[in-house]
Amino acid sequence: MTQQTETMTKNLTDIWAKRPLIISGPCSAESEEQVLTTARALASTGKVDVLRAGIWKPRTKPGMFEGIGVKGLPWLVKAKQETGLPIAVEVATARHVENALQFDVDILWIGARTTVNPFSVQEVCDALKGTNVPVLIKNPVNPDLELWSGGIERLIKAGVKEIGMIHRGFSNFGNTEFRNAPMWQLPIEMKRRYPDMLLVCDPSHICGNRTGLASISQKSIDLGFGGLMIESHVDPDNAWSDAKQQITPQVLLEMLDHLVWREESSDEKEFLNALAKLREQINQIDDELLSLIGQRMKVADKIGQYKKENKITILQTNRWNEILAKAFEKGEKFGLSKDFVTRYFDAIHMESINHQNKIMND
Ligand code: PEP
Ligand code: MN
């Protein structure tokens, strides 16, 4: 290892460990000029840790701009030499990995359209064997946690030491608020499974527009994410891909300055004591809730028994609508959203039905 590579590697280890880790850059590398001007402006914010740019673009439809290809890699190298920012690109095939590594790309990421395909993920992993490049893996386009987790397992098996996850939301049909619905419960579950692994939020691909970026970024910080990947372009309106969601480095800087950064924990005694007391209350209430739900199921069992003896169906829609209507009203008084009350009662109802089903068929 040359001294220069050694310094670079050491640097990268520090950068990889930095929280929050801010990755930014254009959706696609378009020209040397665009890469360099964007990189310079991002570096001058003093807030960006890694420069991203798509070289090979997985586009939904043919005929769209599919990336500049290998020709763009020297532009990124130049941007790194000038700004000192490590560079990251998306890889989807073994050839992409080989090309990226020939140009000493510092960090690779696997895109959402690749994570869905275990053959592709495995091909990338095979090409990564014996290298020591950090790899980020985006969630698959569909909300399948096992595919995301399976991709991570493949990377671990290939010997990749530094692995991170990127939450970029999940495809959905129809005109919704988001380009890709965040479905926060999925990254939260991934954080539970891999508590020490870097988890980055990509608000650009979640929002698909510029206006939602700040609130999605803040939400991810509030949930304890370790960083952000945000698309930035010196001339967003004329970007060759994802124009609607890209922001200038200046707008990025203003946004980052307005975010409220949080610590995962604190050593302050007073805070810890207050938190411990409140958590004790929560534990107590959770115990009571579970015991009450258990009691509710026992009553449902009795009803099931009567229904069985009198040959009555389990599901009685009118009764259920009545319960729900009352619950919405009460829930509102207690500050519970209609959405939560619906999901809570659906779960309770389903458990009740399962209990009664068992009794009927015993
Ligand atoms: C991208 O980062 O530009 C990209 C193609 O994202 P995703 O894989 O999330 O669609
Ligand atoms: Mn993009």
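Here the structure is a predicted model, which is why all the values come from computation and not from measurement. (Residues numbered from 1 in each chain as written. Chains lettered and ligands numbered in written order. Predicted model: local features only at pLDDT ≥ 70, side-chain atom pairs only at ≥ 80, totals over all residues. Heavy atoms only, no water.)

### Quick notes on the overall build of the chain
And step 1. Each helix and strand counted, the chain has 14 helices and eight strands in total.
And step 2. Taking all 362 residues of the chain together, 44% fall into the buried category.
And step 3. Sequence separation of 24 or more characterises 73% of the internal contacts of the chain that already satisfy a separation of 6 or more.
And step 4. Each charge class in the chain was averaged separately, 44 positive and 47 negative side chains, and the resulting centres sit 5 Å apart. (Helix = DSSP H or I, 4+ residues; strand = E, 2+ residues; numbered from the N terminus. Buried < 20%, exposed > 50% of the residue type's maximum accessible area, 1.4 Å probe, protein only. Contact = heavy atoms within 4.5 Å. Lys, Arg positive; Asp, Glu negative; His and termini not counted. Charge placed at Lys NZ, Arg CZ, Asp CG, Glu CD.)

### Comments concerning the coordination of the manganese ion (ligand 2)
And step 1. Donor atoms from the polypeptide that coordinate the manganese ion (ligand 2) comprise C27 (SG), H205 (NE2), E231 (OE) and D242 (OD), at 2.1 to 2.4 Å from the metal.
And step 2. We note that the donor set of the manganese ion (ligand 2) lies within a single chain, spaced as C-x177-H-x25-E-x10-D. Of this pair, H205 sits in helix α9 (residues 203-207) while E231 sits in strand β8 (residues 227-231); the two residues are 26 residues apart in sequence, bridging distant segments of the chain. For the pair shown, H205 and E231 are each scored as buried. (Donors = N, O, S within 2.8 Å, 3.2 Å for Na, K, Ca; no water.)

### A closer look at the domain arrangement of the chain
And step 1. According to the domain assignment, the chain contains domain 1 (3-258) and domain 2 (269-360).
And step 2. Taking the mean C-alpha position of each, domain 1 and domain 2 sit 42 Å from one another. (Domains from an automatic or database assignment.)

### Some points on the nonpolar core
And step 1. Counting residues in each nonpolar core, the largest one holds 60 residues, and the members touching the most others are L76, V89, L108, L128 and L155.
And step 2. Those residues in contact with L108 that sit more than four places away from it in its chain are V89, V91, V97, A100, L101, L128, V133, P134, V135 and L136.
And step 3. The next biggest cluster of nonpolar side chains, apart from the first, holds 14 residues, and it includes I15, L21, L136 and I166. (Core = buried A, V, L, I, M, F, W, Y, C linked by side-chain atoms within 4.5 Å.)

### What to know about the sheet that holds β8
And step 1. Spatial strand order, β1-β2-β3-β4-β5-β6-β7-β8: eight strands in a closed barrel with parallel pairing. Shown here is a sheet whose adjacent strand axes are inclined to one another by a mean of 25 degrees, direction ignored.
And step 2. As judged from the two bridges shared by strand β2 (residues 50-52) and strand β3 (residues 87-90), these two strands associate in the parallel manner. Residue pairing across strands places R52 opposite A88, the latter belonging to β3.
And step 3. Strands in contact with helix α3 (residues 73-83) are β2 and β3; relative to β3, the strand with the most contacts, it is inclined by about 155 degrees. (Pairing = 2+ DSSP bridges. Axes fitted to C-alpha atoms, helices over the stretch in contact; angles between N-to-C directions.)

### A closer look at a nonpolar patch on the surface
And step 1. Side chains of F334, L336, F340 and Y344 sit close together on the surface and give an oily, nonpolar patch of about 400 Å² of accessible area.
And step 2. Mapped onto the secondary structure, Y344 falls in helix α14 (residues 338-360).
And step 3. Looking at Y344, the relative accessible area reads 32%, which means it is partly exposed. (Patch = residues over 30% accessible without salt bridge, like charges linked within 9 Å, V, L, I, M, F, W, Y side chains within 5 Å. Areas by Shrake-Rupley, 256 points an atom, 1.4 Å probe, with all protein chains shown as cover. Salt bridge = Lys/Arg side-chain N within 4 Å of Asp/Glu carboxyl O.)

### Focus: the environment of I137
And step 1. Here I137 lies in strand β5 (residues 135-138).
And step 2. In contact with I137, other than residues within four places in its own chain, are I110, T115, W148, G151, I152, L155, G164, M165 and I166.

### Quick look at the packing of aromatic side chains
And step 1. Enumeration according to the criterion identifies five aromatic pairs in this entry.
And step 2. Ring centres of W184 and F225 lie 5.8 Å apart, and the angle between their planes is 80 degrees; on these two criteria the pair is classed as edge-to-face. Taken together, the positions of W184 in the loop between β6 (163-167) and α8 (185-193) and F225 in the loop between α10 (213-222) and β8 put the pair 41 residues apart, joining distant regions of the chain.
And step 3. Since its relative accessible area comes to 10%, F225 is described here as buried. (Phe/Tyr/Trp six-rings, centres within 6.5 Å; stacked < 30°, edge-to-face > 60°.)

### So, the packing of helix α2 (residues 32-45) against α3
And step 1. Interaxial distance between α2 and α3 falls to 9 Å at its minimum, and their mutual angle equals 30 degrees. Judged by the angle between their axes, α2 and α3 are roughly parallel. Remark: the crossing between α2 and α3 carries right-handed chirality. Where α2 approaches α3, its residues E32, V35, L36, A39, R40 and A43 are matched on the opposing element by W75, L76, K78, A79, E82 and T83. (Parallel < 35°, antiparallel > 145°, perpendicular 65-115°, else oblique. Left-handed = near helix turned anticlockwise from the far one by under 90°.)

### A look at the pairing of β6
Remark: a regular strand shows side chains that alternate across the two faces of the sheet.
And step 1. For β6, a buried count of five out of five residues is recorded, marking the element as mostly surrounded by other parts of the structure.
And step 2. Here β6 shows two buried faces, one formed by I163, M165 and H167 and the other by G164 and I166.
And step 3. With four bridges connecting them, β5 and β6 associate as parallel partners. Paired with L136 across the two strands is G164, which belongs to β6.
And step 4. Pairing between β6 and strand β7 (residues 198-201): four bridges, direction parallel. Directly across from H167, in β7, lies its bridge partner C201.

### As for a negative patch on the surface
And step 1. Together, E280, D286, D287 and E288 give the surface a local cluster of negative charge.
And step 2. With respect to the helices and strands, E288 occurs in helix α12 (residues 269-309).
And step 3. E288 sits in the partly exposed class, given a relative accessible area of 47%.

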